[in-house]
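What follows is the residue order along each chain.
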There are 2 protein chains.
Amino acid sequence: MTAGRPASSVPAASRAAAPAPPAAPPAPTRAAELVEGLVAHLGPAKVATDQATITVQSRDQSPHREGIEAVAVVFAECVEDVQSTVRACAAAKVPVVARGAGSGLSGGAAAVPGCVVLNLERMDRIVEIRPEDEVAVVEPGVVNADLNAAAAPYGLMYAPDPASYTFATIGGNIATNAGGLRCAKYGVTRESVLGLDVVLADGTLVRTGRSTFKGVAGYDLTGLMVGSEGTLGIVVGATVRLRYLPVDVQTIAAFYPDFPSAAAGVLAVGRARVQPSIMELMDAGSIADVDSLQGSDLASRGSALLLVQTDGYGAAAEAEVVRAVLAESGAVVSAEDPEEAERLVFLRRTSRGIGADDAFRVGEDVAVPRSRLVEYAREVERIAAAQGVNLKIVAHAGDGNLHPSFWVDPAAPGAEEAVARLDAALDESIEVALTMGGTITGEHGIGSFKLRWLPLEQSARVRALQQGIKDAFDPAGILNPGKAF
Amino acid sequence: MTAGRPASSVPAASRAAAPAPPAAPPAPTRAAELVEGLVAHLGPAKVATDQATITVQSRDQSPHREGIEAVAVVFAECVEDVQSTVRACAAAKVPVVARGAGSGLSGGAAAVPGCVVLNLERMDRIVEIRPEDEVAVVEPGVVNADLNAAAAPYGLMYAPDPASYTFATIGGNIATNAGGLRCAKYGVTRESVLGLDVVLADGTLVRTGRSTFKGVAGYDLTGLMVGSEGTLGIVVGATVRLRYLPVDVQTIAAFYPDFPSAAAGVLAVGRARVQPSIMELMDAGSIADVDSLQGSDLASRGSALLLVQTDGYGAAAEAEVVRAVLAESGAVVSAEDPEEAERLVFLRRTSRGIGADDAFRVGEDVAVPRSRLVEYAREVERIAAAQGVNLKIVAHAGDGNLHPSFWVDPAAPGAEEAVARLDAALDESIEVALTMGGTITGEHGIGSFKLRWLPLEQSARVRALQQGIKDAFDPAGILNPGKAF
């Protein structure tokens, strides 16, 4: 496990609301034969069947139903390992769940009953960086931060930066179409992926897309693959676009007396036609949480924080405009020195807290049209109060993407009833987002955890179109079945 | 026909290299009954069967094979018109070819034998602009420039700007995933489309995507639809993202003694980590052509032009850097006043010339990794000289997307042999681009004209995956059959 990754700590309570497993597990004999074959073919160093490894590798950071586990974990080291694993699983009709670091929050990389988990973390070569083309070619197990470190000497960066970027892999980022902070300016993962090497459900290796910035030959299979959570194919290589490492970065911290005023500041920046690279919101609960976890003293500065970064040649000019409009909107505004700025962004990145979500704590991921940020924040506050559950909110405000976290005290009496109230709050928070023209997931993906809400957002016909695509790519349904749509 | 659109002027010579029609036309009786039914249902004002209209509406701006014509043209005025037309055509097993202004360059909107052309130009309402959300909702027939004009009072713009933006429709832009000049900084059409209303092959209306900047619920059907050239569904509405109208724009004209030096200037700008909004290259042939068409005197300033715009709060600072690095790279550099700058960009936009391509003149659209621009330009010059055909090159250099135009004199003796040499030059120019890691089409689309080269770029399996998607969306194959892949 990569250093810095939070340890998985999932309580025993099974989650009533978790979706039903998609299918019955394969017969034990067939699975045993399959695993035996995998060990024989790949060697024991690449196939784990011990309980400890299976437990860890069967989960991601989403609420997980106890007892759903893989029969084995393959640690692929090359494309051929992936191909032979997929072929063996296809022959045995055993599902394959591909994964990277397992930092996903929606269950996209969680095991399905009796599956083989195909871990791609060992495929972590940065194959090449072509600075003049502003392109990198990577294996899926490359950690996001490692690619950025390798690109920096060329004055380049890989823009998508999910909060988990110090341990999440590019392959996992692609599987979930990960967002992050900088996507306010630079777009989400999809905007940085030019081409993919993909192992299909029958083990065939294909190349989608291109090595060039632009290209419209045929359907956009690359875009289709991005965010498909390993259900259409397994990404074994990616050609990604790099961006210029900004020559200057300016950070503005604007503290407000309340969250709605801070959210209104976002629209003021827009009216000034400034495109920040980062525009993040933290409410009082998030600030308190960060202060208690990190020993910071943000709460002494205000009850809501709008954290803005501008970058590039215009960074200083933009920062000046941002400071002016935010001060006008009622904020106490400071220009942060680089060290304090880095600390503030770090505090925001880590504000989700550590460990996996569980039945007692769930982080959400809705996105709403930007003008509804204030109203949405008010609504979730109302919902949490009505259900008697705790709430804190952080938001990628530039994108209208909110992460409200709801939680109840697992140690308090009546935990079961509290979980029911938590679920009711979750459901209502989703419904309200949809009413406002929002989506149930801005950047975490459907995985398995958000499946129950998808029919609220997408019509049966739209879901059927996705099933049609799935059938065309994976007729036997062995790739991460029951996920994504 | 929208004002300002170049008149279609296709010579009678049929093109030997044009792809074979995908299927036999429907039986005349069935077609006649269908047309009768459409007139009865929609009214005669919406259904044209006169030869003049059919001739014009059966073509786009690509080389067209004589005699391939629609049986009727429906001018839809609302979603229901589209639905009833598609249903009627589905029932009669008659192909439907959707189109906007017909400004496409690859035959995506060209008729297939015996089809009904479904023209969406009358669906030209800007349904709403929500400035705080930075989003617009439009019908497909809205002209790109009209959306920009409507957004400007809010300090917003619709970024994709194909050269045809004064007459091309948003629906057509979506069908081809149109690029343009500003996509160097702001991305192509796909990056600006959030959600779509689509009429499927059975007449069902579905909504894909979302109204928010971010969203990852299920497969990216919106991205799949963008660039699918009307083969998967017919776009009847679009929710698009707007961007900030830049507070400042700076234009730099850098004249070089030759094209390779100008192309090298592109990489120098990259090394300085400046992201221009526009970075365009014109060679001596393009400059001469523009001078003769527009009465300009660019040739007196140099043999190759690198035209750069920077925009936003950092525009002036970036322009200063660009001027310095380009002067260092051997250019004669000028800062243009706004009027002259606008004129230069206009000259570049119109440098393709007027009228449709034909057997004697073909504009290409390859893209190569940026570092290969110089080498690619040298190669096409060599190819054109070897085949004895004329050549001029313009390029969206920031994206590595080149538009070499090859032509021969149709009035010269031995025209047939000249067309064969032109075709040989085309083929070789494509092959060389692929050898360099490029693509056969950066932004024009495959349509029908580029189908012959697709197998050089994409494997049989990748094309089969696309067929699988097509079958899932349009099992009877009535939507623009034989196009796109």
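Here the structure is a predicted model, which means the values were calculated and not measured. (Residues numbered from 1 in each chain as written. Chains lettered and ligands numbered in written order. Predicted model: local features only at pLDDT ≥ 70, side-chain atom pairs only at ≥ 80, totals over all residues. Heavy atoms only, no water.)

*Asks:* Pulling in residues and values, what's your account of the interface of chain B and chain A?
*Replies:* Of the residues lining the interface, 87 residues belong to chain B; the matching set on chain A comes to 87 residues. Of the roughly 6800 Å² buried between chain B and chain A, counting both surfaces, carbon and sulfur atoms make up 59%. Remark: the boundary between chain B and chain A carries twelve salt bridges. Across the pair Lys214 of chain B and Glu443 of chain A runs a salt bridge, and its minimum N-O distance is 2.7 Å. Applying the counting rule to chain B against chain A returns 33 residue pairs in polar contact (both at pLDDT 80 or more). Of all the secondary structure elements, the ones that give two or more residues to the side of chain B that touches chain A are helix H6 (183–186), strand E9 (205–209), helix H7 (221–225), helix H8 (259–271), helix H10 (315–328), helix H14 (454–457) and helix H15 (460–473) of chain B. It is H15 of chain B that contributes the most residues to the side of chain B that touches chain A, nine residues altogether. (Contact = heavy atoms within 4.5 Å. Buried area = accessible area lost by both parts, 1.4 Å probe. Salt bridge = Lys/Arg side-chain N within 4 Å of Asp/Glu carboxyl O. Polar contact = N/O pair within 3.5 Å; in protein donor to acceptor, adjacent residues only side chain to side chain. Helix = DSSP H or I, 4+ residues; strand = E, 2+ residues; numbered from the N terminus.)

*Asks:* Lay out the environment of Ala90 of chain B with the relevant residues and their values.
*Replies:* Residues and elements named next belong to chain B. Mapped onto the elements of the fold, Ala90 is located in helix H3 (residues 79–92). Along the sequence, Ala90 and Arg348 sit 258 residues apart, while their C-alpha atoms lie 43 Å from each other. In this view, Ala90 contacts Ala201 and Ile478; residues no more than four positions away in its chain are not counted.

*Asks:* So what's going on with the relation of the copies chain B and chain A? Which residues, and what values?
*Replies:* Take chain B, turn it by 180°, move it 0.0 Å along the axis, and it overlays chain A with an RMSD of 0.0 Å. Taken together, the rotation and translation describe the operation of a two-fold axis. Residue Gly314 of chain B, judged by its C-alpha, is the member of chain B lying nearest the rotation axis, at 1.7 Å. An overlap of 100% is found between the interface residues of chain B and their copies at the interface of chain A, pointing to a shared contact surface. (Least-squares fit on C-alpha atoms with pLDDT ≥ 70 in both.)

*Asks:* Any chance you could break down the domain arrangement of chain A for me, citing the residues and the numbers?
*Replies:* Residues and elements named next belong to chain A. On domain assignment, one finds that chain A holds domain 1 (28–119), domain 2 (126–244), domain 3 (249–349) and domain 4 (361–457). Distance from the C-alpha centre of domain 2 to the C-alpha centre of domain 3: 29 Å. Contact with domain 3 buries surface across domain 2, with Leu181, Ala184 and Lys185 losing the most and accounting together for 64% of the total. Applying the counting rule to domain 2 against domain 3 returns two salt bridges. Each residue belonging to the side of domain 2 that touches domain 3 can be placed in one class, and the counts come to six nonpolar, no polar and three charged. (Domains from an automatic or database assignment. Nonpolar A, V, L, I, M, F, W, Y, C, P; charged D, E, K, R; others polar.)

*Asks:* Let's hear about helix H8 (residues 259–271) of chain A: which residues, and what values?
*Replies:* All names here are of chain A. With 13 residues, H8 should cover 18 Å at 1.5 Å per step; its first-to-last C-alpha distance of 19 Å lies within 8% of that length. Where burial is concerned, most of H8 is hidden: ten out of the 13 residues are buried. Phi for Arg273, located one or two positions after H8, is positive at around 60°. (Expected span 1.5 Å × (residues − 1). Buried < 20%, exposed > 50% of the residue type's maximum accessible area, 1.4 Å probe, protein only.)

*Asks:* With reference to specific residues and values, describe the packing of helix H12 (residues 373–387) of chain B against helix H13 (residues 415–435) of chain B.
*Replies:* Residue and element names in this part refer to chain B. With their axes 9 Å apart at the nearest point, H12 and H13 run at an angle of 160° to one another. By the angle class used here, H12 and H13 are roughly antiparallel. In this structure, H12 crosses over H13, and the sense of that crossing is right-handed. Contact with H12, carried on its side by Tyr376, Glu379, Val380, Arg382, Ile383 and Gln387, involves Arg421, Ala424, Ala425, Glu428, Ser429, Ile430, Val432 and Ala433 of H13 and no other residues of that element. Across the contact of H12 with H13, the residue classes break down as eight nonpolar, two polar and four charged. (Axes fitted to C-alpha atoms, helices over the stretch in contact; angles between N-to-C directions. Parallel < 35°, antiparallel > 145°, perpendicular 65-115°, else oblique. Left-handed = near helix turned anticlockwise from the far one by under 90°.)

*Asks:* So, the nonpolar core: which residues are in play, and what are the values?
*Replies:* By size, the foremost hydrophobic cluster in this structure holds 182 residues, and its most contacted members are Leu326 and Phe473 of chain A together with Leu326 and Phe473 of chain B. Among the elements that make up this core, the one with the highest residue count is helix H13 (residues 415–435) of chain A (ten residues). Those residues in contact with Phe473 of chain B that sit more than four places away from it in its chain are Leu465 and Ile469 of chain A together with Leu200, Ala201, Leu221, Leu224, Met225 and Leu232 of chain B. Among the nonpolar cores identified, the runner-up in size contains 26 residues, and Leu42, Val47, Val94 and Val199 of chain B belong to it. (Core = buried A, V, L, I, M, F, W, Y, C linked by side-chain atoms within 4.5 Å.)

*Asks:* Explain the packing of aromatic side chains to me, using residue names and the numbers behind them.
*Replies:* This model, assessed by the stated rule, comprises four aromatic pairs over all chains. Centroid distance Phe485 of chain A to Tyr219 of chain B: 5.1 Å. Interplanar angle 55°. Geometry classified as tilted. Remark: Tyr219 of chain B occurs in the loop between E9 and H7 and Phe485 of chain A occurs in the segment after helix H15 (460–473); the pair is interchain, linking two chains. Side by side, Phe485 of chain A and Tyr219 of chain B carry an identical accessibility label, which is buried. Look at Phe449 of chain B and Trp453 of chain B: their rings are 5.9 Å apart centre to centre, the planes differ by 90°, and that puts the pair in the edge-to-face class. By the burial criterion, Phe449 of chain B is buried, and Trp453 of chain B matches it. Across the ring face of Phe213 of chain A, the terminal group of Arg241 of chain A is positioned such that the distance to the ring centre comes to 3.7 Å. (Phe/Tyr/Trp six-rings, centres within 6.5 Å; stacked < 30°, edge-to-face > 60°. Lys NZ or Arg CZ within 6 Å of the ring centre and 35° of its normal.)

*Asks:* Pulling in residues and values, what's your account of the packing of H8 of chain B against H12 of chain B?
*Replies:* Residues and elements named next belong to chain B. Where H8 contacts H12, the axes come no closer than 8 Å and their chain directions differ by 155°. Between H8 and H12, the angle is such that the two are roughly antiparallel. The way H8 lies across H12 gives a crossing that is right-handed. Note on element contacts: H12 touches H8 through Leu373, Val374, Ala377, Arg378 and Glu381, opposite Phe259, Pro260, Ala263, Ala264 and Val266. By residue class, the composition of the contact of H8 with H12 is eight nonpolar, no polar and two charged.

*Asks:* I'd love a proper account of the state of the cysteines, names of residues and values included.
*Replies:* Enumeration over the complete set of coordinates arrives at zero disulfides over all chains. Not part of a disulfide, Cys89 of chain B finds its nearest cysteine sulfur in Cys115 of chain B, a span of 8.6 Å. (Disulfide = S-S within 2.5 Å.)

*Asks:* So, the UniProt feature "domain: FAD-binding PCMH-type" (unreviewed entry) in chain A: which residues are in play, and what are the values?
*Replies:* Residues annotated by UniProt as "domain: FAD-binding PCMH-type" (unreviewed entry) correspond here to residues 66–245 of chain A. Along residues 66–245 of chain A, the helical share is 21% and the strand share 25%, with 44 Å between the first and last C-alpha atoms. (UniProt positions renumbered as here; feature names shortened; annotations may be inferred.)

*Asks:* Outline the pattern of salt bridges, supporting the account with residue identities and numerical values.
*Replies:* Summed over the entire model, instances satisfying the criterion amount to 60 salt bridges over all chains. Between Asp81 of chain A and Lys46 of chain A there is a salt bridge, with its nearest N and O atoms 2.9 Å apart. Within this pair, whereas Asp81 of chain A is found in helix H3 (residues 79–92), its partner Lys46 of chain A is found in the loop between helix H1 (28–42) and strand E1 (47–48), the two being separated by 35 residues in sequence. For Asp81 of chain A, a relative accessible area of 6% corresponds to the buried category. Residue classification places Lys46 of chain A among the buried residues on the basis of a relative accessible area of 16%. One salt bridge in this structure joins Asp133 of chain B and Arg130 of chain B, with 2.7 Å as the shortest N-O distance. Put simply, Glu128, Arg130 and Asp133 of chain A are held in one network by salt bridges that share partners.

*Asks:* How would you summarise the environment of Val374 of chain B if you had to cite specific residues and measurements?
*Replies:* Residue and element names in this part refer to chain B. Mapped onto the elements of the fold, Val374 is located in helix H12. Distance in space between the C-alpha atoms of Val374 and Val269 is 15 Å, their sequence separation being 105 residues. Once you skip the residues sitting within four places of it in the chain, Val374 turns out to touch Pro260, Ala263 and Ala264.

*Asks:* If you had to explain the sheet that holds strand E2 (residues 72–75) of chain A to someone new, which residues and values would you point to?
*Replies:* Residues and elements named next belong to chain A. Across the sheet, four strands lie side by side as E1-E2-E4-E3; this open sheet has mixed pairing. If you trace the sheet from one side to the other, it starts and ends with E1 and strand E3 (96–99), each paired once. Alignment of E2 against strand E4 (residues 116–119), held across four bridges, turns out to be parallel. Each residue of the ladder has a partner; that of Phe75, found in E4, is Asn119. Lying over the sheet, H3 contacts E2, E3 and E4, oriented at roughly 170° with respect to E4. (Pairing = 2+ DSSP bridges.)

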